[in-house]
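Understanding the architecture of this molecule
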Amino acid sequence: MVRTQTCPASAFPPKSPRQSCLGLCSGRRFAFNQAIWPSRLVPSAVPPFNKEETVKVSVFGLGYVGAVITACFSRQGHTIIGVDTDAFKVNQINAGKSPIIEPELESMLAEGVQAGRVSATSDFKSAVLASDISMICVGTPSQADGSIDLTYIRRVCENIGEILRDKPSRHIVVIRSTMLPGSIEGTVIPALEKTSGKQNGPGFGVAINPEFLRESTAVKDFYNPPKTVIGAQSVEDYNQIAELYADIPGPKVHTDLRTAEMVKYADNCFHALKIVFANEIGRASKALGSDADEVMRIFSLDTKLNLSPVYLKPGFCYGGSCLPKDLRAITAAGRSQGVDLPLLSSITQSNDAHFASAFRYLMDLDAAPIAVLGFAFKAGTDDLRESPVVKLIEELVKAGKQVRLFDRNVSPDRLIGANKRFVEAHLPHLSHLIVGTVEELTAGAKVIVIGNGNEEARHLLPSLASNILVVDLTSGGLKTVTAAQVWRPCA
Ligand SMILES: NC(=O)c1ccc[n+]([C@@H]2O[C@H](COP(=O)([O-])OP(=O)(O)OC[C@H]3O[C@@H](n4cnc5c(N)ncnc54)[C@H](O)[C@@H]3O)[C@@H](O)[C@H]2O)c1
């Protein structure tokens, strides 16, 4: 399995004075050379192309994705053969016309055809034989039950595989279509292996390079992508595909197939979530007399906590004294105003489902006692109010599990106020379960639950015997452990 890495130095050996890893990753070498642009493209986002080191690519499917990458890669100096079963689209491309309406596309395709860098055909064989890489951009529509339909992907792979049977040189098949994790291993590779008679790896390469363009700004997006993600099984395949993006700025990531497949879904789910979230805050704002546009404008000014990677690491449930309480308040206000807020109302449900999966996992373990290291809402505090770890301990104790606890910052004698009241209501046996040191906690324990990002865990994990089961409810910072098995809620 290829480990995820962002622009590894080895993946980008400097090839010429104009290329270096730094230059490719940072995009600082991306020359915005307006002087040599054809005047009709100014002031577009299209940079000048580089004529050195071009790649020959066959693009299967000349719809939105296929037509855009045909035009843009050819503008970079690469030779592109478009393939589609739709004769109209093939004829359009060969006539230098765009099969879709998209700013700048038609002039770029016309330029590519005129320069001999773009052609289109319905003849799969000539296209595959004349190229080193095939990029598949066919549709992956929904079936009636919502599941993904990979019929077009399978069919194209079978067609390509039949041609690869007689192609002497190694070919790489790159999927640009959006497909669920496991689709390459479950559909693409079997189809190619069966029809080509060759073996994935030595016989041919497979990769996934998800597409992030947005219709209406597709050309601009191509030249200024948020990232380039390539799921490839070897550094050599990755390098060959990355060559196509040599002058494109932004981070370039080499990762494994299933991660690359999933990234596109994480992106699209998040984009849909953002839209629905903004609309629900808008409806709630309106109902409560706030200015919705102004609320979201001010919200977006916060690039530390709101529009940032903070809170985006898979880990354990949210809790504490604010998030649960404030979600309850806003959804109750929505109900009282007759405003439907299904997204905000379902957040608690999702948090509960996450809690239940960890609880079930611990209940199913046939090992005792369970030692919980760190159970305050956040490491470095003694705040236990609505700590999801306290709730987990409470449920385990109720279910008859033998549990012992340690948290450097929590001592039953020092609890006061709301903190004390919360513990008395939810974990009255706390003082009987707490031990005084990490050593007492771990002595004879078969399971260690890391409840928060406490320092002790960082030091303890590497020294644990390999037969101790570690259940790490946190994320970040505690990645290196030597215990034989580490279970995390999302990994
Ligand atoms: N449209 C977007 O903005 C966008 C953005 C990112 C990713 N995607 C993903 O990219 C994929 C393609 O999307 P699209 O919008 O370009 O689709 P599309 O429907 O516009 O184009 C698909 C093309 O594939 C052709 N085709 C079908 N079977 C074929 C075959 N056997 N051989 C050759 N050509 C064949 C069709 O004739 C059609 O021209 C989908 O998985 C989609 O989810 C789309």
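Quick notes on the rules
Residues numbered from 1 in each chain as written. Predicted model: local features only at pLDDT ≥ 70, side-chain atom pairs only at ≥ 80, totals over all residues. Helix = DSSP H or I, 4+ residues; strand = E, 2+ residues; numbered from the N terminus. Buried ≥ 20, exposed ≤ 12 C-beta atoms within 10 Å, placed from the backbone. Contact = placed C-beta atoms within 7 Å. Pairing = 2+ DSSP bridges. Right-handed = clockwise from strand over helix to strand, strands pointing away. Core = buried A, V, L, I, M, F, W, Y, C linked by C-beta atoms within 7 Å. Axes fitted to C-alpha atoms, helices over the stretch in contact; angles between N-to-C directions. Left-handed = near helix turned anticlockwise from the far one by under 90°. Nonpolar A, V, L, I, M, F, W, Y, C, P; charged D, E, K, R; others polar. Expected span 1.5 Å × (residues − 1). Near = placed C-beta within 6 Å. Parallel < 35°, antiparallel > 145°, perpendicular 65-115°, else oblique. pLDDT = per-residue confidence, 0-100.

Let's talk about the overall build of the protein chain
Along its length, the protein chain carries 18 helices and 14 strands. For the protein chain, the residues scored as buried account for 33% of the 491 residues in total. Of the contacts formed within the protein chain by residues at least 6 apart in sequence, a portion of 68% connects residues at least 24 apart.

Overview of the pairing of strand β2 (residues 56-60)
With four of five residues buried, β2 lies mostly within the body of the structure. Sheet analysis places β2 next to strand β3 (residues 79-83), joined by five bridges and oriented parallel. The residue of β3 that forms the bridge with V57 is I80. Handedness of the crossover joining β2 and β3 through helix α2 (residues 64-75): right-handed. Two strands pair when backbone bridges link them, and β2 and strand β5 (residues 133-136) are joined in this way by four bridges, in the parallel orientation. In the sheet register, S58 faces β5, and the bridge partner there is S134.

Structural notes on the environment of P225
Locating P225 in the fold gives a position in the loop between α8 (218-223) and β8 (228-232). For P225, a count of 19 C-beta atoms within 10 Å translates into the label partly exposed. Along the backbone, P225 and L213 are twelve residues apart, and their C-alpha atoms lie at a distance of 7.6 Å. Discounting chain neighbours no more than four positions away, the residues touching P225 are F212, I248 and G250.

Brief notes about the nonpolar core
Ranked by size, the top nonpolar core spans 62 residues in total, and within it V68, V173, V188, L192 and I241 carry the most contacts. In terms of residue count, α2 provides more of this core than any other element does, eight residues in total. Residues I370, A371, V447 and I448 belong to the second largest nonpolar core, which totals 34 residues.

Observations concerning the packing of helix α6 (residues 151-164) against helix α7 (residues 183-196)
At a minimum axis separation of 7 Å, α6 and α7 run at an interaxial angle of 35°. As α6 packs across α7, the resulting crossing turns out to be right-handed. Taking contact as the criterion, the partners of I153, R154, C157, E158, I160, G161, E162 and L164 in α6 are, on α7, T187, V188, A191, L192, K194, T195 and S196. Considered class by class, the residues forming the contact of α6 with α7 number seven nonpolar, four polar and four charged.

Points about the environment of T259
Note on placement: T259 falls in helix α10 (residues 257-287). Using a count of 18 C-beta atoms within 10 Å as the deciding quantity, one classes T259 as partly exposed.

Some remarks on helix α12 (residues 323-336)
Residues that lie three or four places apart on an α-helix share one face, since the helix turns once every 3.6 residues. Look at α12: 20 Å from first C-alpha to last across 14 residues, which is about the 20 Å you get at 1.5 Å a residue. Immediately downstream of α12, the backbone of G338 shows phi near 70°, a positive value.

Focus on the site of the ligand
Inspection of the region around the ligand gives 24 residues, with G61, G63, Y64, V65 and S177 positioned closest. Contributions of two or more residues to the shell around the ligand are made by α2 and α6. Each residue belonging to the shell around the ligand can be placed in one class, and the counts come to ten nonpolar, eight polar and six charged.

Comments concerning the packing of α10 against helix α11 (residues 292-301)
Contact pair α10 / α11: the axes reach a minimum separation of 8 Å and the direction vectors enclose 130°. When the interaxial angle is binned, α10 and α11 end up oblique. Between α10 and α11 lies a crossing whose hand is right-handed. Mapping the contact onto sequence places A278, I281, G282, S285 and K286 in α10 and A292, V295 and M296 in α11. Here the contact of α10 with α11 is composed, by residue class, of five nonpolar, two polar and one charged.

A look at the confidence of the model for the protein chain
Confidence in the prediction for the protein chain averages 86 pLDDT; 86% of positions are at 70 or higher. For the stretch residues 6-44, pLDDT sits under 50, and the model shows 47 contacts to residues farther than four places along the chain or on other chains. Segment residues 476-482 is flagged for pLDDT under 50; beyond a separation of four residues in sequence, or across chains, it makes 19 contacts in the model.

Looking at unusual backbone geometry
Within the chain, S216 stands out as a residue other than glycine whose phi angle is a positive 85°. Examined against the element boundaries, S216 turns out to sit in the loop between β7 (204-208) and α8. Its identity as a non-glycine residue notwithstanding, Y311 has a phi of 70°, on the positive side.

Focus on the pairing of β7
Judged by how many residues are buried, β7 sits mostly within the fold: five of five residues are covered. With burial as the criterion, each face of β7 is covered, one bearing F204, V206 and I208 and the other bearing G205 and A207. The pairing of strand β6 (residues 171-175) with β7 spans five bridges and is classified as parallel. When the sheet's bridge partners are listed, V173 is paired in β7 with V206. Between β6 and its parallel partner β7, the chain crosses via α7, and the hand of that crossover is right-handed. Of the strand pairs in this sheet, β7 and β8 are connected by two bridges, and their pairing is antiparallel. Bridging from a neighbouring strand, I208 pairs with G231 of β8.

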